[in-house]
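Chains, contacts and geometry: an overview
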Amino acid sequence: MAKKPNIEVSKISELSGSDLHELCEAAETAIKDGGGFGWLKPPPRRVLENFWRGVLMVPERSLFIGRLDGVVVGSAQLVRPTKNNEAQAMAATLTTNFVVPRARGHGLARLLTATVEEHARRDGFLVLNLDVRATQEAAIALYETAGYVRWATHPLYAFVDDNWLEGCFYYKDLRK
């Protein structure tokens, strides 16, 4: 009988050299797979390193990393509204939620999403928003089974390979 892989999610405030390396490798893999949270092809490694370090410097952002058998294979971010955005002070955003293809099927994406939701609730947020390319069918299925409600689509959301891709916008009422 095959050993069940160990999955874990943690909120991090600093990236060790090995974590940064693994996170950059995971991001490069996700980008190549078409889920690059904006990038169409992996940028130079230094750009990715600076991106992840920068995430940790923004007070409104919390970074969560997902590990499979101790190796970083995914991430998610909780983004809080800026202090001057009083009208949307109760709504946060889930972004850069990904798991590399080789680590899928073990529940890690669901655990990353649930962990961000838990932290958003703990921080007092009532709503969690997210958006995703319509081509990300597995992510859409995950969000919809997790109780997210699609409230809009955008027909010109992303321009990929000389084609416009639709985007889907979701929210989850965290009071339920």
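Description of the structure in this document. Just so it is clear, the structure is predicted and the values come from calculations on it, not from any experiment.

1. Considering the packing of aromatic side chains
Taken as a whole and judged by the stated rule, the model has 7 aromatic pairs. A centroid spacing of 6.5 Å and a plane angle of 45° characterise the contact between Y143 and Y170, whose relative ring orientation is tilted. Here Y143 is found in helix α4 (residues 137–145), whereas its partner Y170 is found in strand β7 (residues 163–173), with 27 residues between them in sequence. Assigned by exposure class, Y143 and Y170 land together as buried. Aromatic pair W151 and F169: ring centres 5.6 Å apart, planes at 55°, arrangement tilted. Taken together, the residues W151 in strand β6 (residues 149–160) and F169 in strand β7 connect sequence positions 18 residues apart. In this structure W151 comes out as exposed when scored by relative accessible area, which is 53%. Each residue in the set W39, F51 and W52 is aromatic and connected to the rest through ring pairs, giving one cluster.

2. Brief notes about the pairing of β7
In terms of strand pairing, strand β5 (residues 127–133) meets β7 through 7 bridges, oriented antiparallel. Directly across from L130, in β7, lies its bridge partner Y170. Bridge count between β6 and β7: 8 bridges; the pairing is antiparallel. Bridge assignment links H154 to a residue of β7, and that residue is G167.

How each quantity is defined
Residues numbered from 1 in each chain as written. Predicted model: local features only at pLDDT ≥ 70, side-chain atom pairs only at ≥ 80, totals over all residues. Heavy atoms only, no water. Phe/Tyr/Trp six-rings, centres within 6.5 Å; stacked < 30°, edge-to-face > 60°. Helix = DSSP H or I, 4+ residues; strand = E, 2+ residues; numbered from the N terminus. Buried < 20%, exposed > 50% of the residue type's maximum accessible area, 1.4 Å probe, protein only. Pairing = 2+ DSSP bridges.

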